[in-house]
Amino acid sequence: MIFMKDKVIIITGAAMGLGQAAAEYLANQGAKLSLVDYNEEELEATAKSIRDTYGTEVLTVTADVSKEEAVAGYVDKTVEVFGRIDGFYNNAGIEGKQASLVEYDLEVFKKVVDINLMGVYYGMRYVLPVMQKQGFGRIVNVASVGGIRGVINQTPYVATKHAVSGMTKNAAIEYGKDGILTNAIAPGAILTPMVAEAFKQVNPDDPKAAETEYAQRNPTRKLGLPKQVASVVSFLLSEENGYVNGQTLAIDGGESNLY
Ligand code: NAD
């Protein structure tokens, strides 16, 4: 087990899905958490459950990551309460609606860009100076297999996730000298509320059939579980990771090798 005792970790999109699973995983290892989400009710429920289960310190900040002032706010609050930021899981993101490139709703397109691209950028813009002062930091940005290849009917998602991978490379080469390692993960289909919603869009009458069909295309014949992503993220956020920098790591059961 990788030791995260008293490490201060910010997680965005922490109320559910991958962010929530990472929060539980890291709390179990003794990390102090700053949990950020714009869904206040679900965020507080997640924080309460983690405090009750693991007894670890949990700060919550309700914030929309696409708003620069809100991002500056969650970073400031974390430093005010915990004094430092060891790890940053830059995870909040949305899928948007499924439609062809030409027919894509422009308002939805811009929203996906604001959250998935600008939200991830603002996060690094405000966290990196804190880590630079410390001379230490670990960042994990969340791309997707859609940041490695195309996905039919998901142009803004694919565009923004490729951008996350690109920004990760730049942060890695610009701040590696400061003891900061920045990586991205590229999850395949992991069973979270976001993916459940995607299967509903693919087959509104029978989302379970869409799920089963998708799983059959994976080398493991399974979809991934949030905890299987959390364990990899935990390693990348820890001091155990000493030399992995600027990578986009697929966590997809090997699916990306099929393309
Ligand atoms: P999810 O929808 O289950 O959870 C996302 C969380 O982020 C929610 O709690 C939501 O309230 C929060 N959030 C969304 N926009 C926000 C904003 N503007 N400000 C603050 N909080 C916001 O999604 P998930 O499946 O857990 O996805 C998490 C990340 O992983 C996303 O970036 C997603 O693109 C990426 N991803 C997921 C999968 C997957 O299979 N689940 C695959 C590839 C990439």
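Residues numbered from 1 in each chain as written. Predicted model: local features only at pLDDT ≥ 70, side-chain atom pairs only at ≥ 80, totals over all residues. Heavy atoms only, no water.

Chemist: Help me understand the site of the ligand, please; the structure alone is not making it clear to me.
Modeler: Lining the immediate environment of the ligand, one finds 29 residues, of which Leu-18, Asp-37, Tyr-157, Ile-190 and Thr-192 sit closest. Within the side chain of Asp-64, one N or O atom sits 2.9 Å away from a nitrogen atom of the ligand. Within the backbone of Asn-91, a nitrogen or oxygen atom sits 2.8 Å from an oxygen atom of the ligand. Bound to the protein, the ligand loses 95% of the 830 Å² it would expose on its own. With 3 residues, helix α6 (residues 193–202) is the largest single contributor of residues to the shell around the ligand. Counting only domains with at least three residues in the shell around the ligand, you end up with domain 1 (8–188 + 225–252) and domain 2 (189–223). (Near = heavy atom within 4 Å. Polar contact = N/O pair within 3.5 Å; in protein donor to acceptor, adjacent residues only side chain to side chain. Areas by Shrake-Rupley, 256 points an atom, 1.4 Å probe, with all protein chains shown as cover. Helix = DSSP H or I, 4+ residues; strand = E, 2+ residues; numbered from the N terminus. Domains from an automatic or database assignment.)

Chemist: Can you help me understand the sheet that holds strand β1 (residues 8–12) in this one?
Modeler: Hydrogen bonding along the main chain pairs the strands of a sheet, whether they run parallel or antiparallel. Overall, parallel pairing links the 7 strands, which are arranged β3-β2-β1-β4-β5-β6-β7 in an open sheet. Each end of this open sheet is capped by a strand with a single partner; those strands are β3 (58–62) and β7 (248–251). The sheet shows a mean angle of 20° between the axes of neighbouring strands, taken without regard to direction. Bridging between strand β6 (residues 180–187) and β7 involves 4 bridges; their strand directions are parallel. Considered in β7, the bridge of Ala-186 is made with Ala-250. Sheet strands touched by helix α4 (residues 106–134): β1, β4 (87–90), β5 (137–142) and β6. Its angle to β4, the strand with the most contacts, is close to 175°. Contacts from helix α8 (residues 226–237) reach β1, β4, β5, β6 and β7 within the one sheet, and its direction differs from that of β5 by about 145°. (Pairing = 2+ DSSP bridges. Axes fitted to C-alpha atoms, helices over the stretch in contact; angles between N-to-C directions. Contact = heavy atoms within 4.5 Å.)

Chemist: Looking at this structure, I do not really get the environment of Asp-76. What am I missing?
Modeler: If you trace the backbone, Asp-76 turns up in helix α3 (residues 68–82). A relative accessible area of 53% means that Asp-76 is categorised as exposed. Here the alpha-carbon distance between Asp-76 and Val-130, two residues 54 residues apart in the chain, equals 9.5 Å. (Buried < 20%, exposed > 50% of the residue type's maximum accessible area, 1.4 Å probe, protein only.)

Chemist: Help me out: how do you make sense of a negative patch on the surface in this one?
Modeler: Taken together, the side chains of Glu-40, Glu-41, Glu-42 and Glu-44 define an acidic patch exposed on the protein surface. Within the secondary structure, Glu-44 sits in helix α2 (residues 40–54). Given the relative accessible area of 32%, Glu-44 is considered partly exposed. (Patch = residues over 30% accessible without salt bridge, like charges linked within 9 Å, V, L, I, M, F, W, Y side chains within 5 Å. Salt bridge = Lys/Arg side-chain N within 4 Å of Asp/Glu carboxyl O. Lys, Arg positive; Asp, Glu negative; His and termini not counted. Charge placed at Lys NZ, Arg CZ, Asp CG, Glu CD.)

Chemist: Could you clarify how one ought to interpret the domain arrangement of the protein chain in this entry?
Modeler: The domain boundaries assigned to the protein chain delineate domain 1 (8–188 + 225–252) and domain 2 (189–223). Here the C-alpha centroids of domain 1 and domain 2 sit 23 Å apart. Between domain 1 and domain 2, the contact holds 18 residues from the first and 12 residues from the second. Carbon and sulfur atoms make up 58% of the surface buried where domain 1 meets domain 2, a total of about 1,100 Å² over both sides. Viewed at the interface, domain 2 and domain 1 are joined by 0 salt bridges. On the surface where domain 1 and domain 2 come into contact, there are 3 residue pairs in polar contact (both at pLDDT 80 or more). (Buried area = accessible area lost by both parts, 1.4 Å probe.)

Chemist: What should I look at first to understand the side chain of Asp-252 in this one?
Modeler: Tracing the backbone shows Asp-252 in the segment after β7. Buried within the structure, Asp-252 lacks any salt-bridge partner; Arg-149 is the closest side chain of opposite charge, at an N-O distance of 6.6 Å. Contacts of Asp-252, omitting those with residues within four sequence positions, involve Val-145, Gly-188 and Asn-218.

Chemist: Hey, could you run me through the packing of aromatic side chains in this one?
Modeler: Remark: the centre distance and the inter-plane angle together describe each pair of aromatic rings, the angle taken between the planes. Scanning the entire structure with this criterion turns up 4 aromatic pairs. For the pair Tyr-74 and Phe-88, a centre-to-centre distance of 6.4 Å together with 45° between the ring planes defines the contact as tilted. Highlighted residues: Tyr-74 in helix α3 and Phe-88 in strand β4, separated in sequence by 14 residues. No difference in accessibility class separates Tyr-74 from Phe-88, as the two residues are buried. Taken together, a centroid distance of 6.2 Å and an interplanar angle of 50° make the contact between Tyr-121 and Tyr-122 tilted. Taking relative accessible area as the criterion, Tyr-121 reaches 31% and is therefore assigned partly exposed. Of note, Lys-7 hangs over the ring of Phe-136, and the distance from its end group to the ring centre comes to 5.5 Å. (Phe/Tyr/Trp six-rings, centres within 6.5 Å; stacked < 30°, edge-to-face > 60°. Lys NZ or Arg CZ within 6 Å of the ring centre and 35° of its normal.)

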